[in-house]
Protein chains: 2
Amino acid sequence: MTSTSSPDERAREGQDAQSKEDLELASAYVSDAQYNRNIFFDTSPPAVRLYLLYNRQLAQVLLYFFILLDLSLAAFEEPAVVPLPAWAPMLAELLCLHVFALRLVHYAKVIPRDKFWKDPKNICMIAILALTLADMIIYGALHAAGCYALRWSRVLRPLLLVNVTEGRQLRRAFRSIRNALPQIFTVFLLFIFSILIFSLMALKLFSKRDLKTSDGSPYFSNYADAVFDLYVLVTTANSPDVMMPAYDAGSAFAVFFIVYILVNTFIFMSVFLAVVFNNYKKYLKEEVRQLVRAKRHKMARAFAVLQERREDDGGGGGGEPLVSRANWSRLVRLVQPDISHAHTELLWSVSDDRGRGAIDKRAFVQLADLLNIQVMTLKSRPHPLGRLCPAFYRSAPSRLLRRLVRHRAFAAAYDLIIVINAVFIGLDEDKPGVGDAEWAFLALYLLEILLKLYVVEPRSFFAAHRFWNWFDTIIVVCALVATVVNAALESSGGYTSRQILDIVFILRVLRLIRVVDSIKRFRTIMNTPRPPRQVVYYVFAVAGMELFKGRGKFYEDAGDPAAADCGNPLLRGSVFARLGYCKNNFNNVVNAFVLLVQLTVVNQWHVLSSGFAAVTHKAARIYFVLFHITVVIIIINIFVAFVLEAFFLEYSLDKSDLHTELEKKIEELRLGVAQEAAEEDNLVDAMETADGERRTPEASESGEPKLMFKIASKRYRTVDALLQRLFEADLEEEEDGDGDAHDANGNFANPSFGAA
Amino acid sequence: MTSTSSPDERAREGQDAQSKEDLELASAYVSDAQYNRNIFFDTSPPAVRLYLLYNRQLAQVLLYFFILLDLSLAAFEEPAVVPLPAWAPMLAELLCLHVFALRLVHYAKVIPRDKFWKDPKNICMIAILALTLADMIIYGALHAAGCYALRWSRVLRPLLLVNVTEGRQLRRAFRSIRNALPQIFTVFLLFIFSILIFSLMALKLFSKRDLKTSDGSPYFSNYADAVFDLYVLVTTANSPDVMMPAYDAGSAFAVFFIVYILVNTFIFMSVFLAVVFNNYKKYLKEEVRQLVRAKRHKMARAFAVLQERREDDGGGGGGEPLVSRANWSRLVRLVQPDISHAHTELLWSVSDDRGRGAIDKRAFVQLADLLNIQVMTLKSRPHPLGRLCPAFYRSAPSRLLRRLVRHRAFAAAYDLIIVINAVFIGLDEDKPGVGDAEWAFLALYLLEILLKLYVVEPRSFFAAHRFWNWFDTIIVVCALVATVVNAALESSGGYTSRQILDIVFILRVLRLIRVVDSIKRFRTIMNTPRPPRQVVYYVFAVAGMELFKGRGKFYEDAGDPAAADCGNPLLRGSVFARLGYCKNNFNNVVNAFVLLVQLTVVNQWHVLSSGFAAVTHKAARIYFVLFHITVVIIIINIFVAFVLEAFFLEYSLDKSDLHTELEKKIEELRLGVAQEAAEEDNLVDAMETADGERRTPEASESGEPKLMFKIASKRYRTVDALLQRLFEADLEEEEDGDGDAHDANGNFANPSFGAA
């Protein structure tokens, strides 16, 4: 692919601005690099413009809105949470299908035709759309004719999330899982073999002994049941119960179960974790490595479009190719229209650290990473009270108060108040004084916020990154409103709304969380890209609803005689009914999700599966075992592996370099802009102090507006950026090589750039 | 510490042999280095001799025998598995104490007095002995007087294992745990805080709603119960049950429990694993690093004792210090008396790779590692049949048979037989034909072994490393004996012994395991040093026996009315009794161990703890929560961490260099000795073929006996060696430095050696 104007042509233009088309093309490349898109779009100017439109945030938000709408239809279709006439969700789905088709057509116009048809995700999308439409027509016809109809295509809906252009991370996660499967499969075979052997032994040992379980049912009486019972034992769900009859018959039989648990529960499950951890990490690492290569490749393309040769640099040979400041600024504004002027200046000074007024390829390539670092611009503003009535605000008592509020003891005092509050919350609400104390606590919290607002400039106080300030204020205000409403209801009719009380209680307890500052430490873990659990849950929920809907139901009135067997005589006297699991059913999508979460937690899943097997067929157990293998053995292990990895990263970052190389550069520069802010934590306070008391507002030495930057060092705009940081250490050596020939692996053939 | 004769003196002796004292001192150093002992023994000749005696294997075996005896006394003391008069175990314990005291006195004679009293493990041992003696006297007196007496010192017994000189690994593991505790504690506090906050919320939400659990007991009615219930939910043991009343009352309450499980079960438990993994590994790594340094230091000491200067080497300056072959050989024979001459030769040729007849310090230091590599000497022997009746053995049909047995199809045919056998085992024993088929299978297996013996020289077939041959033969012979005994019993009186049948069945199923060859892959995991679980189990078992003995008992006769409440009216109608958990008690040490294993598996542990709380006091739950924190949160996580680490090691070794550097050298040499054995797997076969058919026996070219070596590359004599290999990659840079000044850390001040 070549750009529309050749490098030589552009070089002749010299310092002049690039054409609009070139800038748009370059901005498409940079934006792709920034968000790690890997799309081979057509480089003709109209296609580039269409492509920029395709990547507009609004278009993407709309797309995800319709996907969400499509997914949420499960709540309104049979079996429904909110029953609607059958045509309503079908109409909505038709609308969604139209949107998806439109988006696909748009995509087809942007990229070359052969690329479009070679890409499996497009084929998948078309297939999903076609199958869904076919299913809707068949279902509609059957439904109109009054026959039994199955909406099987609903299982395909989560695949939309995966196959949509934006579903890059999900696709990557699935690819990693698929690549890791062969290794997992080897261990899995061995694991199954171990279970089969142990089951055979159990059958031989116990079947002839006429033992009974505590329910009186036969004990290890046939092979299939023995395998199932021992599989459940791996998950520990039937742990001592399955052993007790044998153990009662002879203490030595405990050895059999202890060896079984040691081998299958402890060793095999750890090995599964190890295999999953190892493989998933390895493949994901490889994917991210390719991602980084592709990013550099795209940035190099953008550079090739914008580059010029400086004649005045060295001798006659044209010098090295550079990008001028003017073009760079226009490019940045095209890529990120909402960027502030100061931020652009900052980025430029980082890129052009020698002050040449133009940057070379190496510095230009960094742009995508630079744009991904969240930089907060803090404008120094005087407190409005200081402007409105300066005499009062700067008086001695006011200054003393402000110093008091800033003092460490103030925070400590409020921590103490929170602890006392916790004790009061624990006390019985109906005791005299306890209810009144709540008002006192509310007043104290309100006072705290007001005092802080008196000290800190309000817009700084409510800056986007001041999470705890927002949290405090919202919680306290909500609690105030809810408490007032509750008190009003109580005094008016003596009637207390349970719902409002619930909200009040939850808000009250949530206030206590503020004591913990260390939650920050775990932010990386919270940001950890979650493996595609939701997709799997949705598929299993929909499949479960088709398989098990209406097989048993929950009666609100516990006195109803049908409640004892969940309305299904097949469940009479079963453990399922006795433990009151009637609400664990597939009768709507919400119940199905809650049930799947319970299966994920594993405990008692054999009771649940036996319940559903009783009302349908023994083979129903397969559904539950499949869910266990998919979610607990594979997906949960991947989750744990990721938490481990994220934790190790967090840990090592804590000790060594907290900031990446790029962030450090900005840090240096920030110090150049505002050196008086020594402590990062008290940045806003320090600014306020410096401006409000020592200098007149709005007048700094240079005449420019006084600005400060703060890096949200651990937050990333995209999960990709986090992932890349996860594997940064391994990628560093390549970073130097940057596609050079000495790359030993040579897997990725770096295309050569015309000008470089 | 200086050795008895100065290096100069020894240098004057030239090529002559060293004094016996010097050799003994050197051998003590080498043996310490080999087994990673870190003992500052007295270097005077009598002390060295005493020290060598102290390290004799027999002395250590006896010591461990008495420790085991002491530990096993728990089975004979009240509450006893096998009741004995009270004086019998006390007499045995007195004997044990004498042995331990004797061993301690021996140790005190070996090391300098000030070192002895500075070592905490000696102080601990003396304290344990004194406390145990005091306890025995008090208990004896109280028992004689008929008062209630408590044998509390039994809790101290496992500490013997830790504080005995040989308990190095256990001490290291405990040190690592202790060092990791502060980090774990931080997370633990946050975890407890989270539980407390959620409990408070649950109390506020549910206590006023008058909900009942499925037993009809109150639901989240007070704070302590709420905390306990939610703690149990973290372990997933009461998973859906604790949620059901709230979920039945309103579907939205499911959100509370789902968030709780996500935060506390999934995230916090993963973080625990991560923290434990990270810290334990880090500290253990540091310990092993010091171990390696100490080892090199000791080898350098041994070298300093034995070194001589070669006059004939270079100019007049005395040349570099060397150790002669004669001294080296005598040293090796002193350190490892059972070593074969050939093995010594091999080790020497590895050390002296330039053939100088003497080795320098660098080569000498490797000796400890070389001795730790298990080298198997394979003597090539002709088949006895070939010697006895060569005409028959070398006839065409015999050779065809031997080729057949060696063919791949032979193994495949037997794999098929095993599979068919598995099906027959699964069939009902009483069906006609099934019992007879077993005889056929036995005959087939016997035939297989005989055929293999016909082909392979018997001593090679039963070599120590031929695990599967041993396994097969033992299993088949045992099965044959048991089946014959069983058949004899059956035909004589029609009476079948259940025990013998059990053994027959287990043996039959065990035979099937042979199909799996890949078990080899997991050997490293099996060899993984287990964290000191047993010690913790013993302490908890003894403590539990004192706390809960006799609070409920198991009745063999289920019809006994007392069986319904385990003989304790307090348990009447409890879940504990209803599920038939009566045998889960602390009435003897075996039952206590089985119960603790069940608690480790976690499921239903709240039922067990509630049961014991019902018969004693609510505070009894503390015992169970403590056990959960100690074993499940800390020790199991360490176990998982080690499996992960071992797996990663196994995995990376698989891909890159399978043999360590040292092993490679031997490998090269082995090829030099016997080049015809190309495939390692068929080594014995190839040897047999080569010798038996192409050459006359006992006559090889060089006149020396024909030998081959095989390295048991993945087996280690000591766990320390495995650990060192685990961290080999990290230690490699130091390996080059070897105590040089450029060691950046400088933590370990390497003493300078007089001569080096």
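Residues numbered from 1 in each chain as written. Chains lettered and ligands numbered in written order. Predicted model: local features only at pLDDT ≥ 70, side-chain atom pairs only at ≥ 80, totals over all residues. Heavy atoms only, no water.

Engineer: Any chance you could explain the overall build of chain A here in plain terms?
Structural biologist: Along chain A, the regular secondary structure elements total 34 helices and five strands. Of all 756 residues assigned to chain A, the portion counted as buried reaches 52%. Taking all contacts inside chain A whose residues are at least 6 apart in sequence as the whole, residues at least 24 apart take part in 74%. Approximately 34,800 Å² of chain A is accessible, and the part contributed by carbon and sulfur atoms is 62%. (Helix = DSSP H or I, 4+ residues; strand = E, 2+ residues; numbered from the N terminus. Buried < 20%, exposed > 50% of the residue type's maximum accessible area, 1.4 Å probe, protein only. Contact = heavy atoms within 4.5 Å. Areas by Shrake-Rupley, 256 points an atom, 1.4 Å probe, with all protein chains shown as cover.)

Engineer: Hey, could you run me through the sheet that holds strand 1 (residues 308-309) of chain A in this one?
Structural biologist: Backbone-to-backbone hydrogen bonds pair the strands of a sheet. The strands run either parallel or antiparallel. Residue and element names in this part refer to chain A. With antiparallel pairing, the three strands of this open sheet are ordered in space as 1-2-3. Here the strands that pair on one side only, and so sit at the sheet edges, are strand 1 and strand 3 (358-359). In this structure, strand 2 (residues 321-324) lies alongside strand 3, joined through two bridges in antiparallel fashion. Following the sheet pairing, Ser-324 is matched in strand 3 by Ala-358. Here helix 12 (residues 253-306) sits on the sheet and contacts strand 1, strand 2 and strand 3; the angle it forms with strand 2, its principal contact strand, is near 80 degrees. Those strands touched by helix 13 (residues 325-335) are strand 1, strand 2 and strand 3, and its axis lies near 60 degrees from that of strand 2. (Pairing = 2+ DSSP bridges. Axes fitted to C-alpha atoms, helices over the stretch in contact; angles between N-to-C directions.)

Engineer: How should the domain arrangement of chain A be read in this particular structure?
Structural biologist: Under the domain assignment, chain A is made up of domain 1 (40-164), domain 2 (172-372 + 720-756), domain 3 (393-455 + 467-510) and domain 4 (534-652). Placing the centre of domain 1 of chain A and that of domain 3 of chain A at their C-alpha centroids yields a distance of 48 Å. (Domains from an automatic or database assignment.)

Engineer: Whenever I open this one, the sheet that holds strand 1 (residues 308-309) of chain B confuses me. Can you help?
Structural biologist: Residue and element names in this part refer to chain B. As summarised here, the arrangement of the three strands in space is 1-2-3, forming an open sheet in which the pairing is antiparallel. With partners counted over all chains shown, the strands left at the sheet margins are strand 1 and strand 3 (358-359), one partner each. Against the sheet, helix 13 (residues 325-335) contacts strand 1, strand 2 (321-324) and strand 3, and its axis sits at roughly 60 degrees relative to strand 2.

Engineer: What am I meant to see in the packing of aromatic side chains here?
Structural biologist: Here the distance between the centres and the angle between the planes together describe a pair of aromatic rings. Residue and element names in this part refer to chain A. In the structure shown here, the tally under the stated rule is 86 aromatic pairs over all chains. Taken together, a centroid distance of 5.9 Å and an interplanar angle of 50 degrees make the contact between Phe-188 and Phe-191 tilted. Taken together, the positions of Phe-188 and Phe-191, both in helix 9 (residues 168-206) and three residues apart, correspond to about one turn of that helix. Given the relative accessible area of 0%, Phe-191 is considered buried. With a centroid separation of 5.9 Å and an interplanar angle of 90 degrees, the aromatic rings of Phe-576 and Tyr-581 are classed as edge-to-face. By the burial criterion, Phe-576 is buried, and Tyr-581 matches it. Within the aromatic cluster, the residues linked to one another by ring pairs are Tyr-537, Phe-540, Phe-548, Phe-576, Tyr-581, Phe-586, Phe-593, Phe-612, Tyr-623, Phe-624 and Phe-627. (Phe/Tyr/Trp six-rings, centres within 6.5 Å; stacked < 30°, edge-to-face > 60°.)

Engineer: Can you help me understand helix 23 (residues 467-493) of chain B in this one?
Structural biologist: Every α-helical turn comprises 3.6 residues, leaving residues that sit three or four positions apart pointing alike. With 27 residues, helix 23 of chain B should cover 39 Å at 1.5 Å per step; its first-to-last C-alpha distance of 39 Å lies within 8% of that length. If you check which residues of helix 23 of chain B are buried, you get B:Asn469, B:Phe471, B:Asp472, B:Thr473, B:Ile475, B:Val476, B:Ala479, B:Ala482, B:Thr483 and B:Asn486. (Expected span 1.5 Å × (residues − 1).)

Engineer: Mind showing me how you'd approach the side chain of A:Arg209 here?
Structural biologist: Among the structural elements, A:Arg209 can be located in the loop between helix 9 and helix 10 (223-234). Looking at A:Arg209, its side chain comes within polar contact range of the main-chain oxygen of A:Leu205, at 2.7 Å. (Polar contact = N/O pair within 3.5 Å; in protein donor to acceptor, adjacent residues only side chain to side chain.)

Engineer: Before we go on, may I ask you to explain the relation of the copies chain A and chain B in this structure?
Structural biologist: What connects the two chain copies is a rotation about an axis and a shift along it. You can overlay chain A on chain B at an RMSD of 0.1 Å; the transform is a turn of 180 degrees with a shift of 0.0 Å along its axis. Expressed as a symmetry operation, the mapping of one chain copy onto the other fits a two-fold axis. Most of the interface of chain A is mirrored in chain B, where 99% of its interface residues again form contacts. (Least-squares fit on C-alpha atoms with pLDDT ≥ 70 in both.)

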